[in-house]
Amino acid sequence: MNVKSILTATTIASLAAGAAHAEKAQVQFWHAMGGTLGEITDKFAADFNATSDTCEINSIYKGNYTENMTAAIAAFRAGQHPHIVQVFEVGTATMMAAGDQGAIYPVYKLMEDAGIDFDPSAYLPAVISYYTDTDNNLLSLPFNSSSPVLWYNKTALDAAGVDVPETWDEVHAAAEALKANGVEKPFSFGWQSWTQIENFSAWHDMPMATEENGFAGLGTEFTFNNEAVVNHIQRIAEMGQDGLFGYGGRRGDSRAQFVNGETALWINSSAYYGGFKQDITDFEFGQAMLPVDTDLADAPQNSIIGGATLWVLQGHEQPEYTCAAEFFQYVSEPEQQAYWHQNTGYVPITTAAYELSREQGFYEENPGTDTAIKQLSLNTPTPASKGVRFGNFVQVRDVINEELEAVWSGDKTAREALDAAVERGNALLRKFENANS
Amino acid sequence: MQKRVIFKARGLPYLLVLPQIAITVIFFFWPSWQALESSFFIEDAFGFSREWVGWQNYRELFNDPGYLRSFRSTLIFGLSVAALAMSLALGLAVAANRVLRATQGYRTLLIWPYAVAPALAGVIWYFLMNPSLGIVAYWLKGIGVEWNHYVNGDQALLLVIVAAAWKQISYNFLFFLAGLQSIPKSLIEAAAIDRAGPVRRFWSITFPLLSPTTFFLLVVNLVYAFFDTFSLIHATTEGGPSDSTSILVFRVYNTGFIGQDYGGSAAQSVILMALVIVMTVVQFRYVERKVNY
C-alpha cells in the first residue's frame, strides 16, 4: 500500500463519515458525570447512536453539577446552548423559572410532540413527584436519583453487641455502646441539609417551608426552625459534645471516617454503594433505612431524592428534539435503568427496572441495595414529602451548612442557628422571587 | 547625553501602542464596565429580566454580617500569608546566600514549590492535615493537639494560610536572593572591619538595603493572597466551616457562579476592584517616594 492509496482511502472514508454525519440529527448532551458514572453515561449515548439511523447524541462531560449548569446557562445567554443538560435537584427552581419564560422544553411535551408513547406512571412516584409541576406534568427526565440511607459497619456493631438502630433513641444507645467499644466517632453524616433537615422532615411528614415546600409558589417561606428539627439538631450537637458524633465536613467529605472505621453509623446517599464495594475490605458493611424519631411519628413517611435530571432547552430544530425524545425513551428502558442502578447505587427510576433487578436476583446477591428504593416508595408522597423546591437553593444550602457548622463547633445553640438559617434563607427566597416575577 | 528617538509621522506611535491599548480596553475596561453596570441590576439566571435596583446590591452586602466578616478574614489571611511567606523566604535566602557548596542544587530545590498550582498546593496540605487520613493530623494527635479543620474555623484558616504561604515562599526566595546578591560586598566587609557581628550587619546594612525588594514583595504577596488564592480555597475548604475561610475573592465566585446572583457578585467585584486600585495607588506613591532606583 503506497501513500497515495492510503490518502485516497482515508479521504473516501472521511467523506463517507461526513455524509453519514450530516444525515443524522446532532444532539448535544452536556452532563456532569465524571469517572465511572461518566463512562456509563457515554456508553448509553454510544449504544443508542448505534441503534439509530437518524440520531447522534454527543455526550459531553462539562465538569461538576454547578459547572455544568453554569456553562449551560452562559451558553443559553449566548445562543449556543446544548439540547439536553443535566441539572442537579437543587437547580430545579431556577430551571422551572426559566421554563416560565419559554427557555425549557418540558419533557411531557417533548414526548408528545415526538409522538412517543410516554407513561409517567411507569416511573416511581417519589422520583418524578420532585420534578412535576402543579398539574402533575413531568418537566425534566429523572436520570440519576439517590436517597440517603443509614450506612453501618456491621463488624463494629457486632463487636459492640448492638443491632442496627431503627430509631434515633437506638442510634444514641448504639453510639454509646460503640464508643465504649473503642469506635472514635461512632456516628456521622454527609450532605447535612439534605440528610438532616430536608429528609428528616419528609421522613416524619413535616413541611420545611410553606406553599407545599415551594411547589405551590415562589412566595414560600422556610419553617424548618420548628420544635422538631431544633430538637433533632440539638440532640446531635449533644452527641457531639459526648464524643458520639464527629462532624466530618460538607458533602461526602466524612466518607473517609466511615471507610477507615472511625465511624460506624453514617447517613448519606445510597449512591456510595459502588465505591464502598471497592474500597471497604476489612469490615462488613450494610445499608438500612433512616432512623425514626418516635416522638414525631410511629412510622416513617417516605424519604426524598437527590441527584439530577435531564432538561431540554428550547431554540433548536424539531428533528433534533425528536432525536432527544428517542434517547430519553432509550435510557428509561428497564435494561438501561437496571444496569445503571446495579452499577452505581442510584435508584432505578422505573418500576420495571426495579422488577427486572429483582428477577435477575440482584438484591439477593447484594442485600440492602434496595433500601433507598424501598424508602422512596414506602407511602404515597404527601405535600410535605414529595420533595422541596426553592429558589437560590444552592446558596440556601450553604447558609444551612454554615449555621449547622456553628452548632457543631459549639458557637451557637440549635435554636439560634436554625432561626438564623431561616431568616437568611428567607432573604434569599425573596431575592429569587423578585428576580423571577 | 541621552539618545532620543523621534517619530516623524504622527500616527505611527499611536499605531504601535494600539495592540496594548486594545488588549487593555477589551480585557480590562470592558469587563470592568460590565461589572459596574450589572452591580446596579437584579437579574435572573437566564437573563430574561433585568431590573434596575440602584444601590440595593451594595446595601445588602454591607447589611450582611457574613460579608463584613469576610473583610476581617481576608485581612487576617492576607497579612499572615505575606508575613509567613516573606519571613521564611528571607531566612532561606540569607542561608542560601552563605552556602558555598552545591549552591545550585539548594536553589533549585527551594524554587520547586512555585511550579505547583495553588489548587494543588491546597489539596496537598488538605490531605496532609485531613483529620481521618492525614499524617500531620496524626502527629498532632500524638502530641495532644485535637486537629479537625472541618469543625474548627481557626484551624481551617490556619491551614489555608500555611498552604498559601508555602507556595509563595519560592517566589519570595528568588527575589530576596537576587536582592542579597546585589548588595555590595565592600559595605559588609567595611562593617566587619568595624567589628559588627553577623546579626548587626544584617539588621544595619543588609535589611535596609533590601527594602525596595521587601516592599515590592509585600505588595505582590498581598495581591497574591487577596486574589490568586481563590483556587486554593475552592479546592479545599470552600469557605467553611461556617464562613471562616470565605475570603472576598471566594465570595465573588460563590455568589456569582454557585448562586447565580449576578448583581450581588458584580457589586462585590466592584468593591474588590476599588480595593486593588487603592492598593496600587499606595504602592506607587510609596515606592516613588522611598525607593532609590
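From a predicted model like this one, the values you see are computed outputs, not experimental measurements. (Residues numbered from 1 in each chain as written. Chains lettered and ligands numbered in written order. Predicted model: local features only at pLDDT ≥ 70, side-chain atom pairs only at ≥ 80, totals over all residues. Heavy atoms only, no water.)

Examining the overall build of chain B
Phase 1 of the analysis: Helices and strands together make up the secondary structure of chain B, namely 13 helices and two strands.
Phase 2 of the analysis: By principal-axis analysis of the C-alpha atoms, chain B measures approximately 75 × 75 × 30 Å.
Phase 3 of the analysis: The buried share of chain B, taken over its 293 residues, is 44%.
Phase 4 of the analysis: Total accessible area on chain B stands at roughly 17,000 Å², and carbon and sulfur atoms take up 68% of it.
Phase 5 of the analysis: Between the mean site of the 21 positive side-chain charges and the mean site of the 15 negative ones, chain B shows a separation of 20 Å. (Helix = DSSP H or I, 4+ residues; strand = E, 2+ residues; numbered from the N terminus. Buried < 20%, exposed > 50% of the residue type's maximum accessible area, 1.4 Å probe, protein only. Areas by Shrake-Rupley, 256 points an atom, 1.4 Å probe, with all protein chains shown as cover. Lys, Arg positive; Asp, Glu negative; His and termini not counted. Charge placed at Lys NZ, Arg CZ, Asp CG, Glu CD.)

Side note on the UniProt feature "transmembrane region" (unreviewed entry) in chain B
Residues and elements named next belong to chain B.
Phase 1 of the analysis: Mapped onto the present numbering, the UniProt feature "transmembrane region" (unreviewed entry) falls at residues 12-30, 75-97, 109-128, 156-180, 201-227 and 266-287.
Phase 2 of the analysis: Taken as a whole, residues 75-97 contains 100% helix and 0% strand, while its terminal C-alpha atoms sit 32 Å from one another.
Phase 3 of the analysis: Counted over residues 156-180, helix gives 100% and strand 0%. Its end C-alpha atoms are 35 Å apart. (UniProt positions renumbered as here; feature names shortened; annotations may be inferred.)

What to know about the interface of chain A and chain B
Phase 1 of the analysis: Of the residues lining the interface, 37 residues belong to chain A; the matching set on chain B comes to 32 residues.
Phase 2 of the analysis: Summing both sides of the interface, chain A and chain B together bury roughly 2,900 Å²; the carbon and sulfur share of this comes to 51%.
Phase 3 of the analysis: Close ionic contact of Lys141(B) with Glu184(A) constitutes a salt bridge, the shortest N to O distance being 2.9 Å.
Phase 4 of the analysis: Remark: the boundary between chain A and chain B carries 15 residue pairs in polar contact (both at pLDDT 80 or more).
Phase 5 of the analysis: Elements with a minimum of two residues in the side of chain A that touches chain B: α3 (65-77), α4 (92-100), α12 (255-259), α19 (393-408) and α20 (414-435) of chain A.
Phase 6 of the analysis: The greatest single-element share of the side of chain A that touches chain B, amounting to seven residues, is contributed by α19(A).
Phase 7 of the analysis: Among the residues forming the side of chain A that touches chain B, the class breakdown is 13 nonpolar, 13 polar and 11 charged. (Contact = heavy atoms within 4.5 Å. Buried area = accessible area lost by both parts, 1.4 Å probe. Salt bridge = Lys/Arg side-chain N within 4 Å of Asp/Glu carboxyl O. Polar contact = N/O pair within 3.5 Å; in protein donor to acceptor, adjacent residues only side chain to side chain. Nonpolar A, V, L, I, M, F, W, Y, C, P; charged D, E, K, R; others polar.)

Here's the deal with a negative patch on the surface
Phase 1 of the analysis: On the surface, Asp163(A), Glu166(A), Asp169(A), Glu170(A) and Asp295(A) cluster together into a negatively charged patch.
Phase 2 of the analysis: You can see Glu166(A) is positioned in the loop between α7 (154-160) and α8 (168-180). (Patch = residues over 30% accessible without salt bridge, like charges linked within 9 Å, V, L, I, M, F, W, Y side chains within 5 Å.)

Quick word on the domain arrangement of chain A
All names here are of chain A.
Phase 1 of the analysis: Assigned domains of chain A: these are domain 1 (20-146 + 305-365) and domain 2 (148-303 + 391-435).
Phase 2 of the analysis: Counting residues at the interface gives 18 residues for domain 1 and 15 residues for domain 2.
Phase 3 of the analysis: In terms of surface lost to domain 2, no three residues of domain 1 exceed Val90, Ser146 and Gly345, which account for 33% of the buried area on that side.
Phase 4 of the analysis: Our count for the domain 1 to domain 2 interface comes out at one salt bridge.
Phase 5 of the analysis: Here Glu89 makes a salt bridge to Arg397, at a shortest N to O gap of 3.1 Å.
Phase 6 of the analysis: Scanning the region where domain 1 abuts domain 2 turns up four residue pairs in polar contact (both at pLDDT 80 or more).
Phase 7 of the analysis: Here the side of domain 1 that touches domain 2 gets three residues from one element, more than from any other, and that element is α4. (Domains from an automatic or database assignment.)

A word on the side chain of Ser140(A)
All names here are of chain A.
Phase 1 of the analysis: Looking at where Ser140 falls in the secondary structure, it is placed in the loop between α6 (125-128) and β4 (141-146).
Phase 2 of the analysis: Taking the relative accessible area as the measure of exposure, Ser140 reaches 0% and is therefore buried.
Phase 3 of the analysis: Filtering out sequence-adjacent residues up to four positions away, Ser140 remains in contact with Val107, Tyr131, Thr309, Leu310 and Trp311.

Quick look at unusual backbone geometry
Most peptide bonds take the trans configuration, and most residues that are not glycine carry a negative phi.
All names here are of chain A.
Phase 1 of the analysis: One non-glycine residue, Asn136, lies in positive phi territory at about 65 degrees.
Phase 2 of the analysis: On the basis of relative accessible area, Asn136 is assigned to the exposed category, the value being 58%.
Phase 3 of the analysis: Despite not being glycine, Asn392 has its phi angle at roughly 50 degrees, a positive value.
Phase 4 of the analysis: For Asn392, the position within the fold is in the loop between α18 (371-376) and α19.
Phase 5 of the analysis: We classify Asn392 as buried; its relative accessible area is 12%.

What to know about the nonpolar core
One broad trend across soluble globular proteins is that nonpolar side chains are buried collectively.
Phase 1 of the analysis: In terms of nonpolar packing, the biggest core is built from 195 residues, with Phe187(A), Phe328(A) and Trp408(A) touching the most fellow members.
Phase 2 of the analysis: The element best represented in this core is helix α7 (residues 153-181) of chain B, accounting for 13 residues.
Phase 3 of the analysis: Looking at which domains feed residues into this core, each of domain 1 (20-146 + 305-365) and domain 2 (148-303 + 391-435) of chain A gives three or more.
Phase 4 of the analysis: Residues within four places of Trp408(A) in sequence aside, it is in contact with Phe189(A), Gln192(A), Ile233(A), Ile236(A), Ala237(A), Phe245(A), Tyr247(A) and Val151(B). (Core = buried A, V, L, I, M, F, W, Y, C linked by side-chain atoms within 4.5 Å.)

Examining the pairing of strand β7 (residues 265-269) of chain A
Residue and element names in this part refer to chain A.
Phase 1 of the analysis: Burial runs high along β7: five of the five residues are buried.
Phase 2 of the analysis: Pairing of strand β5 (residues 148-153) with β7 involves five bridges; the strand directions are antiparallel. In the strand pairing of β7, Leu150 is matched with Ile267.
Phase 3 of the analysis: Strand direction decides the pairing type here: strand β6 (residues 187-189) and β7, joined by three bridges, are parallel. Bridge pairing links Ser188 to Trp266 in β7. (Pairing = 2+ DSSP bridges.)

Points about the layout of surface pockets
All names here are of chain A.
Phase 1 of the analysis: Of the volumes computed, that of the largest pocket is approximately 1,600 Å³.
Phase 2 of the analysis: Around the largest pocket sit 48 residues that line it, and Tyr65, Trp191, Arg251, Gly252 and Tyr272 are the ones nearest its centre.
Phase 3 of the analysis: Here the element with the most residues in the lining of the largest pocket is helix α13 (residues 273-279); it accounts for five residues.
Phase 4 of the analysis: In terms of residue class, the lining of the largest pocket is built from 17 nonpolar, 22 polar and nine charged. (1 Å grid on protein atoms, 1.4 Å probe; cavity = no way out; pocket = protein on both sides within 12 Å on 5 of 7 lines; lining within 4 Å. Points joined across faces, edges and corners; volume = space filled by probe spheres on them.)

Some points on the state of the cysteines
Residue and element names in this part refer to chain A.
Phase 1 of the analysis: For the coordinates displayed, the defined rule picks out one disulfide over all chains.
Phase 2 of the analysis: Bridging Cys55 to Cys323, the disulfide has an S-S length of 2.4 Å. Here Cys55 is found in strand β2 (residues 55-61), whereas its partner Cys323 is found in helix α14 (residues 318-332), with 268 residues between them in sequence. (Disulfide = S-S within 2.5 Å.)

Points about the packing of aromatic side chains
All names here are of chain A.
Phase 1 of the analysis: Under the counting rule described, the total for this entry stands at 56 aromatic pairs over all chains.
Phase 2 of the analysis: Here Phe187 and Phe245 contribute two aromatic rings whose centre-to-centre distance is 6.0 Å and whose plane-to-plane angle is 50 degrees, an arrangement assigned as tilted. Of the two residues, Phe187 sits in strand β6 while Phe245 sits in the loop between α11 (227-241) and α12, which places them 58 residues apart along the sequence.
Phase 3 of the analysis: Phe187 sits in the buried class, given a relative accessible area of 0%.
Phase 4 of the analysis: Overall, the relative accessible area of 7% leaves Phe245 in the buried class.
Phase 5 of the analysis: One aromatic cluster is present, built from ring pairs that chain together Trp151, Phe258, Trp266, Tyr272, Phe276, Phe283 and Phe285. (Phe/Tyr/Trp six-rings, centres within 6.5 Å; stacked < 30°, edge-to-face > 60°.)

With respect to the packing of α11(A) against α19(A)
All names here are of chain A.
Phase 1 of the analysis: Closest axis-to-axis distance for the α11/α19 pair is 9 Å, and the angle between their directions is 45 degrees. It follows from the interaxial angle that α11 and α19 lie oblique. Residues Ile233, Ile236 and Ala237 of α11 touch α19, and the partners they reach there are Leu404, Val407 and Trp408.
Phase 2 of the analysis: Of the residues that constitute the contact of α11 with α19, the class distribution is six nonpolar, no polar and no charged. (Axes fitted to C-alpha atoms, helices over the stretch in contact; angles between N-to-C directions. Parallel < 35°, antiparallel > 145°, perpendicular 65-115°, else oblique.)

Regarding the pairing of strand β3 (residues 84-88) of chain A
All names here are of chain A.
Phase 1 of the analysis: Within β3, five of the five residues are buried, which leaves it mostly tucked inside the rest of the structure.
Phase 2 of the analysis: Neither face of β3 is open: one carries Ile84, Gln86 and Phe88, the other Val85 and Val87, and all of them are buried.
Phase 3 of the analysis: With two bridges joining them, strand β1 (residues 25-31) and β3 adopt parallel strand pairing. Counted as the bridge partner of Trp30 is Val85 from β3.

Considering the sheet that holds β2(A)
Residue and element names in this part refer to chain A.
Phase 1 of the analysis: Across the sheet, five strands lie side by side as β2-β1-β3-β9-β4; this open sheet has mixed pairing. In the strand order of this sheet, the two ends are held by β2 and β4, each with one partner. Neighbour-to-neighbour, the strand axes of this sheet turn through a mean angle of 20 degrees, independent of strand direction.
Phase 2 of the analysis: Against the sheet, helix α2 (residues 35-51) engages β1, β2 and β4, with an angle of about 170 degrees to β2.

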